Amino acid sequence: MKSILIIDDDPLIRKTLTSHFSKEGFEVLLAEDGSEGLQKYEESFPDLVLLDIRLPDMDGLEALRKIKERKKNACIIIMTAYDDMKTTVEAVKSGAFEYLVKPLDYVELDLTIDKAFQMRNLEDKLSYLVEEKQKEYTIDNIIGHSPQMREVFKLIGSVADTRTNILIQGESGTGKELVAKAIHYNSPYSREPFIVINCSAITDTLLESELFGHVKGAFTDAVYDTKGKFEIAGKGTLFLDEIGDISVNLQSKLLRVIETKDFMKVGGEKIVKTEARIIAATNQNLKLLIEKGTFREDLYYRLKVVEIKLPSLQERKEDIPELVGYLLEKINRQLRKNVRKIPPHVMKLLMNFPWNGNVRELENALTRAIILAKGDVILEENLPIERGEKKLLSKEHVSLKEIEKKYIQHTLNTTKGNKTQTSQILQISRPTLDKKIREYKLDI
Ligand SMILES: Nc1ncnc2c1ncn2[C@@H]1O[C@H](COP(=O)(O)OP(=O)(O)OP(=O)(O)O)[C@@H](O)[C@H]1O
Ligand SMILES: [Mg+2]
């Protein structure tokens with residue numbers, strides 16, 4: 001049952017409101033003055049407070065502030081007479097949800113209360129979503145114990161509470177976006193937006209209007225005024241992915257925003273302020289781009305106030321077993337499967353594979369192996385990784401025949417048992433393939 005606390009010194013108002021709300025199925029709590037109101041609020045934290053702005057013992061504004069101190073998102077509706085409008089405006093500025101003028105209009109009262117509960121509902125949902133994101137992007141979900149990753153964790157911890165710009169560098173799939181989100185969701189601004197812009201995916205003019213917004217008529221398709229991501233991000237984070245691909249023209253504009261913390265919309269004349277934090281990421285070597293003259297050195301230094309370098313998987317092989325364990329759990333949960341066993345020689349193979357696409361490639365390989373698995377074991381033949389040389393290196397004393405057998409089986413698996421295709425890939429004749437299938441007793 002929803003509860004309402006009515007704080008009003010007028011007994012008649014208390015009586016009529018009690019009868020109104022009881023009929024509507026609310027639990028009604030009553031207080032005659034500010035201090036009783038505060039006491040009742042603390043005892044039961046009602047869902048909503050109807051607060052008279054003029055109270056015998058204290059100013060309604062003071063009561064409002066005190067309630068808000070107890071609970072930041074307390075929902076308070078002010079009841080007011082015309083002659084205390086100034087205080088009422090002040091109250092709304094201090095966080096009152098709405099104000100209603102006495103004598104109360106009950107239809108308006110019910111509508112306002114409905115609106116307040118809807119708003120409360122949305123706020124609860126938002127809090128839930130933010131908490132979920134925070135859980136998803138805790139540092140615990142970034143796997144690794146290698147010295148390089150420990151360094152990364154230290155940096156995330158030290159920058160999360162600051163507003164400094166950050167540059168994340170690392171090969172494709174090393175977790176740049178994951179780290180950017182971990183910083184955002186562990187910062188005091190985690191309820192503000194985290195906005196991703198991929199600077200390489202769109203044309204220069206589109207990117208400019210994406211970043212800064214545009215005014216109606218700025219270009220042919222600009223039918224409405226639109227807000228840019230700098231504005232939408234509020235006090236949150238703007239994640240500029242693939243920053244190395246941004247044009248020199250936009251680089252100067254970006255540099256200006258970072259320096260002045262304001263900008264103008266495309267075609268606009270009004271100055272718009274921004275408080276967003278910038279996290280930029282790239283898999284390119286920006287220093288080389290600077291030497292080539294395609295990236296501004298001053299922008300580079302503005303962005304890399306703090307620089308986070310993410311190691312490739314090859315540089316942190318020791319983290320692979322832990323990562324594999326974590327990814328298997330994650331994928332099995334997503335796919336509702338139960339393929340968790342990994343034979344030691346398969347783990348060795350995974351540790352020695354080059355993984356040019358890093359964690360993302362490893363995750364894709366494991367996803368495929370889980371989908372293709374018949375039992376609860378990750379099988380070597382279901383992993384899309386090179387055999388031959390790698391295998392020889394990872395497994396000692398393997399005969400040529402053994403490799404041939406496995407490789408033919410692998411090719412048969414990838415062609416789903418299509419012999420014509422298999423013989424073409426292996427560049428042997430169909431009869432030779434048939435002979436080998438019989439000899440090695442292969443599955444088709
Ligand atoms: N250390 C890690 N622990 C757990 N998962 C990780 C780790 N690093 C990356 N991942 C996972 O790998 C995938 C790729 O990560 P992400 O998208 O952050 O990489 P990226 O560096 O932005 O890649 P790209 O350069 O291709 O955009 C994601 O699913 C991410 O959750
Ligand atoms: Mg990325």
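Because the structure is predicted, anything quoted here is derived from the model rather than measured.

A. Structural context of the nonpolar core. Counting 38 residues, the largest nonpolar core has Ile 168, Val 179, Leu 238, Phe 239, Leu 240, Ile 279 and Ala 280 as its most contacted members. Going through the elements one at a time, helix H6 (147-159), strand E6 (166-169), helix H7 (176-185), strand E7 (194-198), helix H8 (204-212), strand E10 (237-241), strand E13 (277-282) and helix H12 (297-303) are the ones with two or more residues in this core. For this core, the leading source of residues is H7, giving five residues. With residues up to four places along the chain from it excluded, the contact list for Ile 279 reads Ile 166, Ile 168, Ala 180, Ile 183, Thr 237 and Phe 239.

B. How the structure looks around the pairing of E6. Neither face of E6 is left uncovered, since the one carrying Ile 166 and Ile 168 and the one carrying Leu 167 and Gln 169 both have all their residues buried. Two elements, E6 and strand E14 (residues 306-309), share four bridges in a ladder whose sense is parallel. Looking at the pairing, Gln 169 lines up with Lys 309 of E14.

C. Molecular detail of the packing of helix H3 (residues 60-70) against helix H4 (residues 85-93). Here H3 crosses H4 at 10 degrees, and the two axes come no closer than 10 Å. What the angle tells us is that H3 and H4 run roughly parallel. Here H3 contributes Gly 60, Leu 61 and Leu 64 to the contact with H4, which in turn contributes Thr 87, Glu 90 and Ala 91. Of the residues assigned to the contact of H3 with H4, the class counts are three nonpolar, two polar and one charged.

D. How the structure looks around the sheet that holds strand E1 (residues 3-7). If you trace the five strands from one edge of the open sheet to the other, you get E2-E1-E3-E4-E5, paired in parallel fashion. Strands at the two margins of the open sheet, each flanked by one partner only, are strand E2 (27-31) and strand E5 (98-101). Here the strands of the sheet are splayed against their neighbours by 20 degrees on average, with no regard to which way each runs. Here E1 pairs with E2 via five bridges, running parallel. Bridge pairing in E2 links Ile 4 to Val 28. With respect to the sheet, helix H2 (residues 34-44) is in contact with E1, E2 and strand E3 (48-52), its orientation differing from that of E1 by roughly 165 degrees. Each of E1, E3 and strand E4 (76-80) is contacted by H3, which is oriented at about 160 degrees to E3, the strand it contacts most.

E. Here's a closer look at helix H10 (residues 248-260). Compared with an ideal rise of 1.5 Å per residue, which puts 13 residues at 18 Å, H10 spans 19 Å between its outermost C-alpha atoms and is within 8% of the ideal. Looking one or two residues past H10, Lys 261 carries a phi angle of roughly 60 degrees, positive in sign.

F. Expanded view of the site of ligand 1. Near ligand 1 lie 16 residues; those nearest to it are Ile 143, Gly 175, Lys 176, Glu 177 and Val 359. Contributions of two or more residues to the shell around ligand 1 are made by H7 and helix H15 (358-372). When residues are assigned to domains, the shell around ligand 1 turns out to be shared by domain 2 (137-311) and domain 3 (314-440), each giving three or more.

Reading guide: rules and limits
- Residues numbered from 1 in each chain as written.
- Chains lettered and ligands numbered in written order.
- Predicted model: local features only at pLDDT ≥ 70, side-chain atom pairs only at ≥ 80, totals over all residues.
- Core = buried A, V, L, I, M, F, W, Y, C linked by C-beta atoms within 7 Å.
- Buried ≥ 20, exposed ≤ 12 C-beta atoms within 10 Å, placed from the backbone.
- Helix = DSSP H or I, 4+ residues; strand = E, 2+ residues; numbered from the N terminus.
- Contact = placed C-beta atoms within 7 Å.
- Pairing = 2+ DSSP bridges.
- Axes fitted to C-alpha atoms, helices over the stretch in contact; angles between N-to-C directions.
- Parallel < 35°, antiparallel > 145°, perpendicular 65-115°, else oblique.
- Nonpolar A, V, L, I, M, F, W, Y, C, P; charged D, E, K, R; others polar.
- Expected span 1.5 Å × (residues − 1).
- Near = placed C-beta within 6 Å.
- Domains from an automatic or database assignment.

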